[in-house]
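# A structural walkthrough
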There are 2 protein chains.
Amino acid sequence: MEKVNVGQRILSANEQYAIKNSQLLIKQRKLCWNLISSPGSGKTTILARTITDLNAEIKMGVIEGDIQTEIDAERIRATNAPAIQINTEGACHLSAAQVHKALEQLPLDSLDIVFIENVGNLVCPTAFELGENGKIVVLSVAEGDDKPVKYPGIFAKSKVLLINKVDLLSANVVDFDLDRVRADARRLNKSIEIFPISARTGEGMQAWYGWLRDQLAQPRL
Amino acid sequence: MEKVNVGQRILSANEQYAIKNSQLLIKQRKLCWNLISSPGSGKTTILARTITDLNAEIKMGVIEGDIQTEIDAERIRATNAPAIQINTEGACHLSAAQVHKALEQLPLDSLDIVFIENVGNLVCPTAFELGENGKIVVLSVAEGDDKPVKYPGIFAKSKVLLINKVDLLSANVVDFDLDRVRADARRLNKSIEIFPISARTGEGMQAWYGWLRDQLAQPRL
């Protein structure tokens, strides 16, 4: 019984900060997307290309979560976008309290969208709300087409599935059934938006940009 | 303070089971390797090919850890090797107690090596000893060459690094500096053995098989 209670206390502290973050973002009229994936699926490359391609049109900032190193924040700063690095020092996910501190350091006034790049992990980040408008799960075709079935939680909870590295499909070097992934993801989550992209070659990125624009254009509270 | 104590109690229960597992394996003179990686790096494909290629020579069984589904155990059973599936129901790593139960279900008498395929996760499984002889970290070249620096824990703790999907390097479809990964991994872990392989094409697998043979041939307690 004691263990259960401790668990509930931790979750509820996270929830309190998630609510604070959500209130801050609504008040400032910013959208916030929480990117979740395995290590190496291409989250940072997707963000760097998105920021560069939409530079003249949408202002974006990034909160980078990593076990350690500033590598990802530096890659984002190279695009001239502001990036705050959080090092979790071993923890497998970002907490809402960490994101709260980072939101206070970002120049929110000058931004339209805040991206959170979570720690590379398909499991742990799923359970921690950060106050974001939605989760975006990234799956690289190199990871295999059985991932929605094997890690259903994040596919069930995400607004968008970005299927990255689709340039490997035309090179015929991986076994990956795009239709199977689409069907399995939609079985878990009827309304999930799915965009096959390659952040390396640019293939499919326009559809993803269109979705980002649509979200900004929608009436908000 | 209370949180710290609870944490210590959980770790120590895991440690107790890890010691039990280790004693059982030593008594039965079996070697046990714990495979850890991100989702989709190719752990199951490596195991299936290893079991098939060494079928006449070394008898292997597998303990499969997954959040849910029996997909991986079924892929192993298709090679005629025994496989026990553990579903962690959301947990991001295997515990030594779960492995203990699975060891009791495997036909240990007829095996030389027990492989544990941990839950796809580069972070959490690192912290939980299972009583294995060593950890084997798998990194696919599609995941990028910055992973040892960004997720140092598992590279520091592993006996072997399998760099999988190297067939993608010759296809020239990923940016991955093999020498950088070798140098970064050895900086974290001077004695780590590194084998670049492709479980898909078979490239490099003989060196890995040689290492498995050497370990079986070494004098044991």
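## A closer look at the side chain of B:Glu132
All names here are of chain B. The topology assignment puts glutamate 132 in the loop between strand S4 (113-117) and strand S5 (134-140). Relative accessible area serves as the criterion here: at 11%, glutamate 132 is assigned to the buried category. In terms of polar contacts, glutamate 132 uses its side chain to reach the side chain of asparagine 34, at 3.2 Å. Here the side chain of glutamate 132 touches leucine 130 through a polar contact of 2.8 Å, landing on its backbone nitrogen. Not counting chain neighbours up to four residues away, the residues in contact with glutamate 132 comprise Cys32 and Asn34.

## Section: the pairing of S5(B)
All names here are of chain B. In terms of burial, S5 is a largely internal element, seven of the seven residues being buried. Of the two faces of S5, the one holding Gly134, Ile136, Val138 and Ser140 and the one holding Lys135, Val137 and Leu139 are both buried throughout. When strand S1 (residues 31-36) meets S5, the two strands line up parallel, connected through four bridges. Across the sheet, isoleucine 36 pairs through a bridge with valine 137, a residue of S5. In terms of strand pairing, S5 meets strand S6 (residues 160-164) through five bridges, oriented parallel. Note that in S6 the partner of serine 140 across the bridge is asparagine 164.

## Points about the packing of aromatic side chains
In this structure the tally under the stated criterion is six aromatic pairs over all chains. Both rings, one in A:Phe115 and one in A:Trp208, keep their centres 6.4 Å apart while their planes meet at 40°; by these two values the pair is tilted. Within this pair, whereas A:Phe115 is found in strand S4 (residues 113-117), its partner A:Trp208 is found in helix H9 (residues 205-217), the two being separated by 93 residues in sequence. Judged by its relative accessible area of 0%, A:Phe115 falls in the buried class. Exposure remark for A:Trp208: the relative accessible area of 0% places this residue in the buried category. Ring centres of B:Trp33 and B:Trp211 lie 4.8 Å apart, and the angle between their planes is 55°; on these two criteria the pair is classed as tilted. Note that B:Trp33 is positioned in strand S1 and B:Trp211 in helix H9 (residues 205-217), a separation of 178 residues in sequence. Summarising the burial analysis for this pair, B:Trp33 and B:Trp211 share the class buried. Ring-pair connections join several aromatic residues into one group, and the members of that group are A:Trp33, A:Phe115, A:Trp208 and A:Trp211.

## Some details on the environment of A:Leu188
On the secondary structure map, A:Leu188 appears in helix H8 (residues 178-188). Once you skip the residues sitting within four places of it in the chain, A:Leu188 turns out to touch A:Pro148, A:Pro152, A:Phe155 and A:Ala156.

What counts, and at which threshold
Residues numbered from 1 in each chain as written. Chains lettered and ligands numbered in written order. Predicted model: local features only at pLDDT ≥ 70, side-chain atom pairs only at ≥ 80, totals over all residues. Heavy atoms only, no water. Helix = DSSP H or I, 4+ residues; strand = E, 2+ residues; numbered from the N terminus. Buried < 20%, exposed > 50% of the residue type's maximum accessible area, 1.4 Å probe, protein only. Polar contact = N/O pair within 3.5 Å; in protein donor to acceptor, adjacent residues only side chain to side chain. Contact = heavy atoms within 4.5 Å. Pairing = 2+ DSSP bridges. Phe/Tyr/Trp six-rings, centres within 6.5 Å; stacked < 30°, edge-to-face > 60°.

Note that all results are geometric; they support no functional claim without further evidence.
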